[in-house]
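Here is what each chain is made of, one letter per residue.
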Amino acid sequence: MAPRRRCPTCGSRRWHKEPLSGLIACSEGHVLQNYRNETTEVTEMGPHAMKKRTLKNTRKKKEHASNADPKLYHGARGRYHYFLCLQLLLRKQVASLIKLWELPPEFEVVCRDVWALHLDTLRDPVPAEPFNYAQLESGYGYDANKGDERSSGWSNEAGAPAPSSKKAAGSPTTPEGGEGKGSTANFEEGDDARSSSESDLDESEMDELMKANSDLPSSSSEDEEDSFDPQPSAEDAESSGKKKRGKGERSNEWHRLYESPASTVAVLVVGCWVLRIPCLYRDLTRVIESYQLPYLDPARLLPPNMVQHLTKHSKQALSPHHAPSTMLMHKLASRLAKSLYSTYAISIPEANGPSMLWRVVWTMGGTPTLYGLTKRLASILSLPLTLHSSLAPGLRKHRKYDPSGHQLDNVPAEVSLMASCIIVLKMVYGLDGRQRLPRDAGDPACGMPEYDGFISLLREMNEDDANDKESVFSSQNAMRLEDLGGDLLDEYLDFCERALVGPKPDRQDVLDEHFCLRKVAVRDKVMKTRTQGELAATEMAEGKQALRPGEEYRIWNAGDVFGTVPVDYAAVLARGARWVGVSEEYLEGVVSKYEKRVVRKQSRK
């Protein structure tokens, strides 16, 4: 629109535009000079066209500097390093057990093979060692101009593969322009680099292919969200416990246990069974709690160059707070034995039943008569002496509808033998407060000790076990230093030194050898012998009103949480459960199950 200014001729401020000519004129008809009107209407297309061009910003964005520790391993590399630490821990455990129990050297070979098969049966297989990591560890492709950095293409941040943006001067190059890894020598550029033989070219191409194949994805984030977490933290466990756990979450929890340090103890158990060593789960628990077998806080036993690459989650997974329980070791060992049989058709032999049964009978203060009765009862019950009940041979079928095996029979071998021994004691003595005496001279009960002497013997054995150093130093008992004697105090100081400092080196100091301030206690490695007097045999019922052994046999329901059992029966259960390392409720349930099985077999005859 024309500006509102006066006409230089008439002074009018009213302007209008002529529709035909497009000129601006005032109300009097005077034309405004020096005004031009242009339109963008195109009637004819020319040979040229206008194109707008934009310039890109060449300024590089500032990269976010990561605060992650480059020494920590994550992802596949961290998982591989975690199993390296577990394998080293297993080697130390095998060496300690061979020295402690004087096992044959073949035990190490058996454990090594079982460990290799165990790793192969995991749900998530252990990743192979990446090719470039192997080059870093072996010094292959080391560049002296970069210090610890190698020209292998791996960055220092959490082991994540990242190509280098700048090449060092004199670093070898492949025909494709990448960094070479075949040699550490300085090659000349130009004709010398182009005069390499065809074999060198093929070797460099092969290195490139191997590098591409070994570039496993890993995480280098600062907050370690994608890092390898073998064991969940306490906060994660608490938050997950509030939610409803499904079948998949329970399977994932067991999957973590298969990769925990307890799996190495399961390998030791399978190795002992292969060599027919009468080893009990409680034996391994005792040597672990006494720090004679490396298991608790094993990070202090690992080399520093391996510990520095462990994340906090890996350290927590490698440092269990307590020794594994009997049931946990049995579940892991039975699962491993079943996997070996189903995958590789490797059958683990049965337990050394006679030796294991005698240890059980000796612990309960028994005699050879009790040994024979317990063995006979175990044969009637068809107890499986295998690591897993599915590996035991099937039952003999007298009828078509007879089962081929017992359900829920996958209990530890020593627990089943202990339950059989307790059933025999109930048959002979009753353990219900009512007197039972044999009436026939051929009754096996005549070869058993008198009831009162047997109960007093169990109490004396409980007191001796309570004063034993293994019970005194146990984490389950409250101990006072004021109550320790001189010798026991020295042993406690040795125990603290072994637990806090670690094992002593093989070499002995000159001062300790020639100027020893305390006497070295010679520990007997044989089984302790009882020093009590001879026990009187069970008397015959000559005119006495008493029940016969096995008469009016009582079965207490283990599921009755509000019920009580007699005092003597509770004492027998407590001793047996404490010796095999299970709870009294669990052992009582096994005893009740076996008693009902005996009743069913007796009713079918």
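Calculation rules
- Residues numbered from 1 in each chain as written.
- Predicted model: local features only at pLDDT ≥ 70, side-chain atom pairs only at ≥ 80, totals over all residues.
- Heavy atoms only, no water.
- Helix = DSSP H or I, 4+ residues; strand = E, 2+ residues; numbered from the N terminus.
- Buried < 20%, exposed > 50% of the residue type's maximum accessible area, 1.4 Å probe, protein only.
- Contact = heavy atoms within 4.5 Å.
- Areas by Shrake-Rupley, 256 points an atom, 1.4 Å probe, with all protein chains shown as cover.
- Core = buried A, V, L, I, M, F, W, Y, C linked by side-chain atoms within 4.5 Å.
- Expected span 1.5 Å × (residues − 1).
- Patch = residues over 30% accessible without salt bridge, like charges linked within 9 Å, V, L, I, M, F, W, Y side chains within 5 Å.
- Salt bridge = Lys/Arg side-chain N within 4 Å of Asp/Glu carboxyl O.
- Phe/Tyr/Trp six-rings, centres within 6.5 Å; stacked < 30°, edge-to-face > 60°.
- Lys NZ or Arg CZ within 6 Å of the ring centre and 35° of its normal.
- pLDDT = per-residue confidence, 0-100.
- Lys, Arg positive; Asp, Glu negative; His and termini not counted.
- Charge placed at Lys NZ, Arg CZ, Asp CG, Glu CD.

Novice: Residues and numbers for the overall build of the protein chain, please.
Specialist: A count of helical and extended segments in the protein chain gives 21 helices and 2 strands. Classification of the 605 residues of the protein chain by burial places 37% in the buried group. Across the protein chain, every contact between residues at least 6 apart in sequence was considered, and the portion connecting residues at least 24 apart equals 74%. Surface accessibility of the protein chain: about 38,200 Å² in total, with carbon and sulfur atoms responsible for 51%.

Novice: Any details on the nonpolar core? Residues and values, ideally.
Specialist: One finds Phe 107, Leu 387, Leu 425 and Leu 587 to be the most contacted residues of the largest nonpolar core, which totals 95 residues. Setting aside its immediate chain neighbours within four residues, Leu 425 contacts Met 364, Leu 370, Gly 430, Leu 431, Met 448, Phe 454 and Val 572. Judged by nonpolar contacts, the second largest core, of 5 residues, contains Cys 7, Trp 15, Ile 24 and Cys 26.

Novice: So what's going on with helix α15 (residues 413–429)? Which residues, and what values?
Specialist: Helix length check: α15 (17 residues) gives 24 Å between terminal C-alpha atoms against 24 Å at 1.5 Å per residue, within 8%. Counting buried positions over the 17 residues of α15 gives 16, a clear majority of the element. Just past α15, the residue Gly 430 takes up positive phi, approximately 85°.

Novice: Give me a nonpolar patch on the surface: which residues, what numbers.
Specialist: Taken together, the side chains of Leu 481, Leu 489 and Leu 493 present a nonpolar region at the surface, about 250 Å² in accessible area. With respect to the helices and strands, Leu 493 occurs in helix α18 (residues 486–500).

Novice: Report on helix α21 (residues 584–604), specifying residues and quantitative values.
Specialist: Taking 1.5 Å as the rise per residue, α21 with 21 residues should run 30 Å; its terminal C-alpha atoms sit 31 Å apart, in good agreement. Within α21, burial applies to Leu 587, Glu 588, Val 590, Val 591, Ser 592, Tyr 594, Glu 595, Arg 597 and Val 598. Buried-residue contacts for α21 involve α14 (368–381), α15 and α20 (567–580).

Novice: Would you mind going over the packing of aromatic side chains in detail, with residue names and values included?
Specialist: One pass over the full model with this rule turns up 5 aromatic pairs. The interplanar angle of 80° and the centroid separation of 5.6 Å between the aromatic rings of Tyr 82 and Phe 83 together place this pair among those described as edge-to-face. With a relative accessible area of 4%, Phe 83 lands in the buried category. Aromatic rings pair up to connect Tyr 429, Tyr 451 and Phe 454 into one cluster. Arg 335 extends its terminal NZ or CZ atom over the ring of Tyr 258, reaching a point 4.1 Å from the ring centre. If you follow Lys 426 out to its NZ or CZ, it ends over the ring of Tyr 569, 4.7 Å from the centre.

Novice: Explain the environment of Leu 293 to me, using residue names and the numbers behind them.
Specialist: Looking at the element boundaries, Leu 293 is found in the loop between α9 (281–289) and α10 (304–307). When its relative accessible area of 2% is taken as the criterion, Leu 293 is described as buried. C-alpha of Leu 293 to C-alpha of Ser 96: the two residues are 197 residues apart in sequence and 6.1 Å apart in space. Apart from the residues lying within four places of it in its own chain, the contact partners of Leu 293 are Gln 93, Ser 96, Leu 97, Leu 268, Leu 284, Val 287 and Ile 288.

Novice: Give me the lowdown on unusual backbone geometry, citing residues and values where you can.
Specialist: With phi around 55°, Glu 102 is a residue other than glycine that occupies positive phi space. Counting through the fold element by element, Glu 102 comes out in the loop between α1 (75–101) and α2 (106–120). If you check the backbone angles, Asp 297 has positive phi at about 55° while not being a glycine.

Novice: Now, about the confidence of the model for the protein chain: what can you tell me, with residues and values included?
Specialist: Model confidence for the protein chain is summarised by a mean pLDDT of 75, while 69% of its residues fall at 70 or above. Low pLDDT, under 50, characterises residues 141–201; the predicted model gives this stretch 93 contacts beyond four residues in sequence or across chains.

Novice: Report on a positive patch on the surface, specifying residues and quantitative values.
Specialist: A cluster of like positive charges, contributed by Arg 399, Lys 596, Arg 600 and Arg 604, occupies part of the molecular surface. Along the chain, Arg 604 turns up in helix α21. Judged by its relative accessible area of 47%, Arg 604 falls in the partly exposed class.

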